[in-house]
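Report on the structure
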Amino acid sequence: MTELAQAIASAEKSLTKLEQRIASYILTRPEAVAIESSAEIAKKLDVSPMTVSRFFKKLGYESSSDARSQIKVELYGPSASRIGHRFDDFTTTRHTRNFSSDHQVAMAGITHALKHRETARWKEVVRAVAEADGVFAVGFQTMHYLAVGLSLRLRYVRTNVVALDGSDGVYGEFFSSDAATKTLIIIDTFRYGANGPRLAKAARDRGAEVIVFCDEFCEWANDITDKVLVFPSESYYFLGLPVGINFGLNILLQDVIAALGNRAKAHIDKMSVSQDLFSTFIEE
């Protein structure tokens, strides 16, 4: 976020070592100011809440609450959706970043995925994808590629997998399917596509199990389904390919294959016949 980054850059020389720790964290995860309390930030960084408050005052905010309010306006206001605005944020903060932060961002996403894997919720997600008669995946905006990639791989191990793209305007493949049980996987990150909650509600109301892969800004998913997998926002990057969600989908695929067991092997054998006939590889 441009204003916050500029405030940190202006105050950089006057920041103490502990305040520099806070600045580094916020530049890596600017959305933290909007979604984490001062106490939560202080606990994560092993500093006192007073140090966090003093840090924001040094940046020119009246308090940490004042900073949170202003940052939310930047995040959710009209300009937040403009790609030019996000590019300005990226170019403003890039020269102040320590590129070891790339490792921190990646590891945060991977760690969240592995923690999800240990939960009862994850087991239910795996069951829903492995056992439904029809599985549908949709990724909104720049997340479309993840839904397509997951669907292509799932088709190797089970039947009736469809990547929805909404090109018909009504997601007809989902609603016209005669599958007795359906699972819908939605993948999206801030700012969220308007059709996401609409599709999720419509699918739930028709008896489908709905799974949502999202970041911390998602405020609608928990009202619709209990199968919500939240990953740290990676707004550190401009038009980034989210490491956490990507890795989460990867291990979901592996766990679904394990859950299918011999059924996956039988389906792969059938697919191999087609692959032998229409191989795209040139034999040497």
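Every value quoted in this text rests on a predicted model; they were computed, and no experiment measured them. (Residues numbered from 1 in each chain as written. Predicted model: local features only at pLDDT ≥ 70, side-chain atom pairs only at ≥ 80, totals over all residues. Heavy atoms only, no water.)

**Some words on the environment of Leu18**
As for its placement among the helices and strands, Leu18 is situated in helix 2 (residues 17-28). For Leu18, a relative accessible area of 35% gives the class partly exposed. Residues Leu18 and Val47, 29 residues apart in the sequence, show an inter-C-alpha distance of 6.9 Å. Look past the residues within four positions of Leu18 in its chain and what remains in contact with it is Val47 and Thr51. (Helix = DSSP H or I, 4+ residues; strand = E, 2+ residues; numbered from the N terminus. Buried < 20%, exposed > 50% of the residue type's maximum accessible area, 1.4 Å probe, protein only. Contact = heavy atoms within 4.5 Å.)

**Section: the side chain of His116**
Along the chain, the position of His116 falls in helix 8 (residues 101-117). Looking at His116, its side chain comes within polar contact range of the main-chain oxygen of Val230, at 2.7 Å. The contact partners of His116, leaving out residues within four places of it in the chain, are Trp122, Leu229, Val230 and Phe231. (Polar contact = N/O pair within 3.5 Å; in protein donor to acceptor, adjacent residues only side chain to side chain.)

**Here we look at the sheet that holds strand 4 (residues 209-215)**
The 5 strands are arranged 2-1-3-4-5 in an open sheet whose pairing can be described as parallel. Looking at strand neighbours, the two that pair on one side only are strand 2 (161-164) and strand 5 (227-231), the edges of this open sheet. Each neighbouring strand pair of the sheet contributes to a mean axis angle of 15°, computed without reference to strand direction. As paired strands, strand 4 and strand 5 are joined by 5 bridges and run parallel to one another. Looking at strand 5, one finds that Val212 is bridged to Val228. (Pairing = 2+ DSSP bridges. Axes fitted to C-alpha atoms, helices over the stretch in contact; angles between N-to-C directions.)

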